[in-house]
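A structural walkthrough
Chain by chain, the residues run as shown.
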Amino acid sequence: MDKLLIQGGTPLSGEVAISGAKNAALPILCACLLTGEPLQLKNVPHLNDISTMLRLIGQMGVEVTMDGNDGLILDSHGLNNPLAPYDMVKTMRASILVLGPLLARCGEARVSLPGGCAIGARPVDQHIRGLQAMGAEIHVEQGYVHATARRLKGARIVTDMVTVTGTENLMMAAVLADGETIIENAAREPEVVDLANCLIAMGARISGAGSECISIHGVERLHGATHSIMPDRIETGTYLCAAAVSAGSVRLTHTSAAYLDAVLAKLREAGCAVSAEHDVISLKAPQRLKAVSVRTEPYPAFPTDMQAQFMAINCVAEGSALIRETIFENRFMHAVELIRLGADIRIDANAALVTGVPRLDGATVMATDLRASASLVIAGLVAQGETLIERIYHLDRGYERIEEKLSKLGAIVRRVR
Ligand code: UD1
């Protein structure tokens, strides 16, 4: 298994390009299941989660053609197997995103239940309830969600909590339903809007994406389209944190500050000078950051996917910060690894009190999930000596060519096979 070896202590500087957003690309790949005409995508990131999703839809009968460096053409006219087997779903929870589109296009879907994952139980009851409200017959048997519907019917759906993939699944199901569907308490994440924009380009009638009430008028059929995936706001935020913690100065291109208000505000509060112009964000960090407290909430508030990275930067900041995680029940697993590097972190349920220490010391640490891994990279960049991060397959799920991009910014980092 690959490991990442980081020699800490070099301030990051220079320019790096941000990739397309994983969490927008995954549902948009599933959107191809809704039409028999080709869907052409651009700015698709090279990530293991994307390869997994392509394998999943490939075995359903979707033809995948590479189109230049970061483009894909997906053709699902031969879709013949509306099944998502356990072997594939267990490695990536986002596989549940095939459920809505398969049901809408084929009238049937068998999708393995994703089960628990490291950061919490993460049930899919809201996905199922929403589809049932639209008239689907759903049985859970032998670990599989088996859904059937002649044609889904528009419905008013109020989800119990804000769910990102839940909103996306229901939106994709509703685009081919008979009549109007209203999703209340919808997720407002920019990735939901990117998916809606792609579906609209395919002929869907959707309004309100980006607000908490989305209205979808079902149409008879969708057609092919071309869509470019939005930039990855979490990759952007991660590189900004890496620069911030190392007293660096970086320019990130091919990104957008529009989706990062809460994160940029916290970096400024920590003492960084941040500016944004067109598709570029620049950050210049002070010699030592000030500790900043964060509380994770659905968009547009501070994202849970940036919580671990902010815990890492607080480890060496001046003062103490309180990190509150309100989305997932078990998302502090990086804390014990950061403590192994010398961090002062006290955890009480869903709150962590981080008191900055003057220095961290390199050690061998283990990545436990995607964003936890990112926090260990950030800590490794500022720790004295060498940090060896094990199990970096988590990083490869969500960060494109991370060692190459960090090296371009001057970090001393290499992959150990
Ligand atoms: C998505 C993101 C993930 C991010 C998360 C929260 C993708 C592929 N992944 O995950 O990176 O961390 O949003 O911003 O976009 N819940 C239920 N029942 C459901 C659905 C959700 O109880 O049917 C709960 C979850 O357990 C969690 C909360 O709702 O506590 C939010 O989860 P959700 O927004 O659904 O996360 P994902 O869409 O899985």
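Summary of the structure given here.

Attention now moves to the overall build of the protein chain. When you go through the protein chain residue by residue, the secondary structure sums to 14 helices and 24 strands. The C-alpha atoms of the protein chain give 21 Å as radius of gyration, which agrees with the globular expectation for 417 residues (22 Å, within 12%). With the C-alpha coordinates of the protein chain rotated into their principal frame, the extents come out at 65 × 45 × 40 Å. Scored against the burial criterion, the 417 residues of the protein chain give a buried share of 56%.

It is worth spelling out helix H1 (residues 22–31) at this point. A large share of H1 lies buried, amounting to nine of its ten residues. Residues of H1 that are buried include every one of Lys22, Ala24, Ala25, Leu26, Pro27, Ile28, Leu29, Cys30 and Ala31, and no others.

Looking now at the pattern of salt bridges. Enumeration according to the criterion identifies 23 salt bridges in this entry. With a closest N to O distance of 2.6 Å, Glu297 and Arg295 form a salt bridge. Looking at Arg295, the relative accessible area reads 45%, which means it is partly exposed. The partner of Arg415 in a salt bridge is Glu403, with the nearest N and O atoms 2.7 Å apart. Of the two residues, Arg415 is situated in strand E24 (residues 412–416) and Glu403 in helix H14 (residues 402–408); the sequence distance between them amounts to twelve residues. Both residues of the pair, Arg415 and Glu403, count as buried.

Right, let's get into the site of the ligand. In the neighbourhood of the ligand, 18 residues make up the surrounding shell, with Asp125, Thr163, Thr165, Asp305 and Ile327 lying closest. One of the side-chain nitrogen or oxygen atoms of Thr163 is found 2.7 Å away from an oxygen atom of the ligand. Computed on the free molecule, the ligand has an accessible area of 740 Å², of which 87% lies beneath the protein chains in the complex. If you list the elements that add at least two residues to the shell around the ligand, you get helix H5 (125–133) and helix H6 (164–174). The leading source of residues in the shell around the ligand is H5, at three residues. Of the residues in the shell around the ligand, the class split is eight nonpolar, six polar and four charged.

Conventions adopted
- Residues numbered from 1 in each chain as written.
- Predicted model: local features only at pLDDT ≥ 70, side-chain atom pairs only at ≥ 80, totals over all residues.
- Heavy atoms only, no water.
- Helix = DSSP H or I, 4+ residues; strand = E, 2+ residues; numbered from the N terminus.
- Rg over C-alpha atoms; globule rule 2.2 N^0.38 Å.
- Buried < 20%, exposed > 50% of the residue type's maximum accessible area, 1.4 Å probe, protein only.
- Salt bridge = Lys/Arg side-chain N within 4 Å of Asp/Glu carboxyl O.
- Near = heavy atom within 4 Å.
- Polar contact = N/O pair within 3.5 Å; in protein donor to acceptor, adjacent residues only side chain to side chain.
- Areas by Shrake-Rupley, 256 points an atom, 1.4 Å probe, with all protein chains shown as cover.
- Nonpolar A, V, L, I, M, F, W, Y, C, P; charged D, E, K, R; others polar.

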